[in-house]
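Commentary on secondary and tertiary structure
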Amino acid sequence: MGRQMMDQSRLYLAPSDQGSDGSRSYPLSDMPCMIGRASDCGVQLDFDRISRHHARFENSESGLILQDLESTNGTFVNHQRIAEPTPVQAGDTVHFADHGFVLQQRQSSGSTLLPNVATGTERATDTIVGFTALPTGFPVQAPEFFELLNDELVNGMSEPVKSANASLYGHALRARSTHPKLAAESGTLFRLAADLGEEARLAQLIRETCLKQAADAGLQSCLFLEVHPVECEDMDLLIDELLGLASRYRHMSLVCELPINALPEHGKLGHWQGKLARRDIEICATQVALDKPDLLSEIARHIDYLRLSSALGDSAIKTSAAALDGRARILADSINQAELVDQLAAAGAGLFQGPAIGKAQPIAG
């Protein structure tokens with residue numbers, strides 16, 4: 001079915017018996033139609049994680065479109081978070097936060113048929129947006145994840161970074177969930193965040209939480225803060241946030257772990273370094289393409305550290321050290337055997353992190 005102007009009188013939001021109120025149906029006859037918790041919304045959905053003014057349906061020359069209204073927990077069309085007005089048609093899956101609906105069309109006779117998700121008796125000509133609890137493909141722990149973000153249910157974790165002589169140099173700050181129904185470390189949380197388009201928001205929450213807890217705990221030495229590649233799409237916003245953190249935690253030595261491959265322009269790295277240097281924030285380059293030695297030589301004068309996996313071996317460490325030419329220190333991570341330290345130190349690594357160096361521990365007990 002091609003995208004075309006829909007008859008406004010044939011559009012409905014109708015929760016199925018899986019919803020919180022199977023007795024109600026919500027007509028979308030007046031366009032534009034606001035969706036949200038506020039009393040002035042055309043469709044008022046008083047559900048958790050839905051914003052007061054969450055989204056809006058409206059007609060355009062090309063057909064029906066759905067627009068997110070800067071909601072806290074997002075609007076999704078066919079499991080993809082939307083940032084711009086997005087065309088929708090019968091059969092599309094729509095989520096407001098983690099609350100799912102299916103857009104359908106009532107038959108032209110005018111009869112209104114509520115969907116029967118359990119028996120599958122709904123017809124393709126039904127004009128209904130039917131509530132579905134957890135449609136296939138949408139993360140089953142989305143409700144818990146949104147609660148984690150909204151209620152800031154994470155605890156900072158600190159993994160030691162040491163020099164070759166085993167002296168403490170710094171801490172790599174990560175996080176784990178404290179949600180009672182979502183037990184997960186940073187890696188798992190970011191995978192879930194990617195499914196929901198919330199990587200930047202999670203990364204910001206982790207940095208804020210870790211630094212607050214580190215300040216309360218009196219944590220000293222360099223603190224390595226993770227940056228997600230998605231955040232590099234708006235470097236000005238990222239830099240402003242990091243400068244704000246440095247302003248509030250002036251006594252801390254901060255290191256920004258910047259994924260180089262995600263940068264929109266490598267040539268502007270010096271510009272961004274200059275901004276961060278105003279607050280004494282150092283840069284640790286991550287996700288660098290080692291098959292491009294010229295790139296590593298180019299960025300070497302704008303970084304302070306280069307994070308590499310020990311799994312790459314001492315030859316990769318040696319080649320990288322030569323390209324850096326002493327302008328940045330190599331941090332070898334994933335060290336699972338103590339014997340690797342001497343081997344990689346001889347190749348040019350100066351800092352080490354991993355299970356054999358020290359396990360991650362909660363910053364706040």
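Scroll up for the structure.
What you see is a predicted model; the values in this text were computed from it and never measured.

One can describe the packing of helix α1 (residues 142–151) onto helix α2 (residues 186–196) by two numbers: an axis separation of 11 Å at closest approach and a directional angle of 105°. In terms of axis orientation, α1 runs roughly perpendicular to α2. In contact with Ala142, Phe145, Phe146 and Leu148 of α1, α2 contributes Leu189, Leu192, Ala193 and Leu196. For the contact of α1 with α2, the class distribution of residues is eight nonpolar, no polar and no charged.

The biggest cluster of nonpolar side chains holds 73 residues, and the ones touching the most others in it are Leu202, Leu211, Leu258, Ile299 and Ile303. Leave out the neighbours within four places in its chain, and leucine 211 touches Leu173, Leu223, Leu225, Leu245, Tyr249, Met252 and Leu254. In this structure, Leu45, Val94, Phe96 and Leu103 belong to the second largest nonpolar core, which totals 20 residues.

Quick reminder: α-helices carry 3.6 residues per turn. Residues three or four places apart thus point the same way. Where helix α8 (residues 340–347) is concerned, the buried positions are Leu340, Val341, Leu344 and Ala347. For α8, the angular spread of buried residues about the axis comes to 125°, placing them on one side. Of the residues in α8, the exposed ones pointing more than 90 degrees away from the buried face are Asp342 and Ala346. Close packing links the buried residues of α8 with α7 (313–324), β19 (329–333) and β20 (349–352). In the stretch just after α8, glycine 348 is the one whose phi turns positive, near 130°.

Here we take up the packing of α2 against helix α3 (residues 199–217). Between α2 and α3, the shortest axis-to-axis distance is 8 Å and the interhelical angle comes to 150°. Between α2 and α3, the angle is such that the two are roughly antiparallel. Here α2 contributes Ser186, Leu189, Phe190, Ala193 and Ala194 to the contact with α3, which in turn contributes Glu199, Leu202, Ala203 and Ile206. Looking at the contact of α2 with α3 residue by residue, the classes come out as seven nonpolar, one polar and one charged.

Strand order in the open sheet formed by five strands is β4-β3-β5-β6-β9, and the pairing between neighbours is mixed. The sheet is open, and its two edges are formed by β4 (43–44) and β9 (86–87), each paired on a single side. Pairing between strand β5 (residues 55–60) and strand β6 (residues 63–68): six bridges, direction antiparallel. Paired with arginine 56 across the strands is glutamine 67, a residue of β6.

A few words on the pairing of strand β16 (residues 253–259). Taken across its seven residues, β16 has six buried, putting it largely inside the fold. Alignment of strand β15 (residues 222–226) against β16, held across five bridges, turns out to be parallel. Along β16, the bridge assignment pairs glutamate 226 with glutamate 257. Crossover β15 to β16 through helix α4 (residues 235–248) is right-handed.

Here is what the cut-offs are and how they apply
- Residues numbered from 1 in each chain as written.
- Predicted model: local features only at pLDDT ≥ 70, side-chain atom pairs only at ≥ 80, totals over all residues.
- Heavy atoms only, no water.
- Axes fitted to C-alpha atoms, helices over the stretch in contact; angles between N-to-C directions.
- Helix = DSSP H or I, 4+ residues; strand = E, 2+ residues; numbered from the N terminus.
- Parallel < 35°, antiparallel > 145°, perpendicular 65-115°, else oblique.
- Contact = heavy atoms within 4.5 Å.
- Nonpolar A, V, L, I, M, F, W, Y, C, P; charged D, E, K, R; others polar.
- Core = buried A, V, L, I, M, F, W, Y, C linked by side-chain atoms within 4.5 Å.
- Buried < 20%, exposed > 50% of the residue type's maximum accessible area, 1.4 Å probe, protein only.
- Arc of directions from axis to C-beta.
- Pairing = 2+ DSSP bridges.
- Right-handed = clockwise from strand over helix to strand, strands pointing away.

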